Amino acid sequence: MNAPAPLKDISACVFDAYGTLFDVHSAAARCRDDLGEKADALSGFWRQKQLEYTWLRSLMGAHTDFWQITGDALDYAMAATGFDDSALREKLMSLYLELDAYPEVPGVLQTLKDAGMKTAILSNGSPMMLDSAAGNADIAVQLDAVLSIEAVGIFKVSPKTYQLAVDRLGVAPEAICFMSSNAWDAAGAAYFGFQVAWVNRFGQPKERLPGEPKAEITSLEPLPGLVCG
């Protein structure tokens with residue numbers, strides 16, 4: 001992958017949370033002794049259904065918060081992998097509030113703050129979930145805002161969700177660099193008008209959707225060099 005060109009006139013960096021700042025598979029990884037050889041399969045189903053339910057509920061007009069969706073998705077994943085254990089379910093849900101941050105996250109956020117950049121999370125997560133994750137990772141002090149789509153009652157990729165960052169930070173869309181590891185989220189944010197750096201941690205192909213990211217990186221480490229020049 002060639003090094004991406006620097007992004008121009010950026011004054012705020014806005015991050016998706018799950019998969020971008022926080023490792024969504026770390027909850028199941030911590031329960032590997034309980035889950036055994038099914039740990040990866042359960043975690044994969046859990047994440048897949050978590051995302052699918054946000055899209056389907058948005059289309060249905062049947063909104064509920066991301067904590068409920070996370071529980072519903074886990075119930076599906078446990079059924080699909082043959083687990084019927086309420087204590088294990090409770091343990092996994094508790095661990096989802098304490099997901100591991102990717103190792104480069106604190107340093108990157110601090111570098112951006114030291115450069116005078118505004119920083120924020122913009123996530124499908126409920127306020128309770130995001131506050132817990134940011135607190136557990138000790139990054140709350142490095143963020144100017146933690147924004148949940150609950151403020152508008154619909155999940156990404158609705159334009160209403162991305163508008164939250166514009167309104168809260170007081171920055172034009174084209175002056176915001178948005179980061180997501182989810183290719184569909186990167187496309188949605190780019191289509192909205194953000195300058196997007198797709199954090200392609202998992203070697204995914206590009207989505208066949210409107211909206212073209214300005215940069216593709218494999219972790220957040222290169223970000224300060226892209227936006228602080």
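Keep in mind it's a predicted model, so treat the numbers as computed, not measured. (Residues numbered from 1 in each chain as written. Predicted model: local features only at pLDDT ≥ 70, side-chain atom pairs only at ≥ 80, totals over all residues. Heavy atoms only, no water.)

Caption draft 1: Inspection of helix H8 (residues 159–169) at higher detail. If you check which residues of H8 are buried, you get Thr161, Tyr162, Leu164, Ala165, Val166 and Leu169. Those residues of H8 that are buried lie in contact with strand E1 (12–15), strand E2 (118–123), strand E3 (145–148), strand E4 (176–180) and helix H9 (183–192). Within two residues after H8, Gly170 carries a phi angle of roughly 65 degrees, on the positive side. (Buried < 20%, exposed > 50% of the residue type's maximum accessible area, 1.4 Å probe, protein only. Helix = DSSP H or I, 4+ residues; strand = E, 2+ residues; numbered from the N terminus. Contact = heavy atoms within 4.5 Å.)

Caption draft 2: How the structure looks around the side chain of Gln142. Its location among the elements puts Gln142 in the loop between helix H7 (127–136) and E3. Apart from the residues lying within four places of it in its own chain, the contact partners of Gln142 are Pro106, Leu109, Gln110, Lys113 and Thr119.

Caption draft 3: Focus on helix H3 (residues 39–60). Taking 1.5 Å of rise per residue, the 22 residues of H3 would be expected to cover 32 Å, and the 31 Å separating its terminal C-alpha atoms lies within 8% of that figure. All of the buried residues in H3 are Ala39, Leu42, Ser43, Trp46, Arg47, Lys49, Gln50, Leu51 and Thr54. Against the buried residues of H3 lie helix H1 (26–30), helix H2 (32–35), helix H4 (66–80), helix H5 (86–96) and H9. Of the residues trailing H3, Gly61 is marked for its positive phi of about 70 degrees. (Expected span 1.5 Å × (residues − 1).)

Caption draft 4: Summary view of the packing of H8 against H9. The interhelical angle for the contact between H8 and H9, taken along N-to-C directions, is 65 degrees, at an axis separation of 10 Å. Viewed along their axes, H8 and H9 adopt a mutual orientation that is roughly perpendicular. In the crossing of H8 with H9, the sense of the turn from one axis to the other is right-handed. Where H8 abuts H9, its residues Pro159, Tyr162, Gln163 and Val166 lie against Asp185, Gly188, Ala189 and Phe192. In the contact of H8 with H9, the residues fall into 5 nonpolar, 2 polar and 1 charged. (Axes fitted to C-alpha atoms, helices over the stretch in contact; angles between N-to-C directions. Parallel < 35°, antiparallel > 145°, perpendicular 65-115°, else oblique. Left-handed = near helix turned anticlockwise from the far one by under 90°. Nonpolar A, V, L, I, M, F, W, Y, C, P; charged D, E, K, R; others polar.)

Caption draft 5: Up close: the nonpolar core. Counting 56 residues, the largest nonpolar core has Cys13, Trp46, Leu223 and Val227 as the members making the most contacts within it. Broken down by element, the residue count for this core peaks at 6 residues, all from H4. Those residues in contact with Cys13, other than ones at most four positions away along the chain, are Leu112, Met117, Lys118, Thr119, Ala120, Cys177, Met179, Leu223 and Val227. Ranked by size, the runner-up nonpolar core spans 22 residues in total, among them Ala120, Val166, Ala175 and Ala190. (Core = buried A, V, L, I, M, F, W, Y, C linked by side-chain atoms within 4.5 Å.)

Caption draft 6: Highlighting the environment of Val152. For Val152, the location among the structural elements is in the loop between E3 and H8. Residue classification places Val152 among the partly exposed residues on the basis of a relative accessible area of 31%. Once the C-alpha coordinates of Val152 and Gln163 are considered, the two residues, 11 residues apart in sequence, prove to be 9.7 Å apart. Setting aside residues no more than four positions away along its own chain, Val152 makes contact with Lys160, Thr161 and Leu164.

Such coordinate-based values are descriptive only and should not be taken to indicate function.
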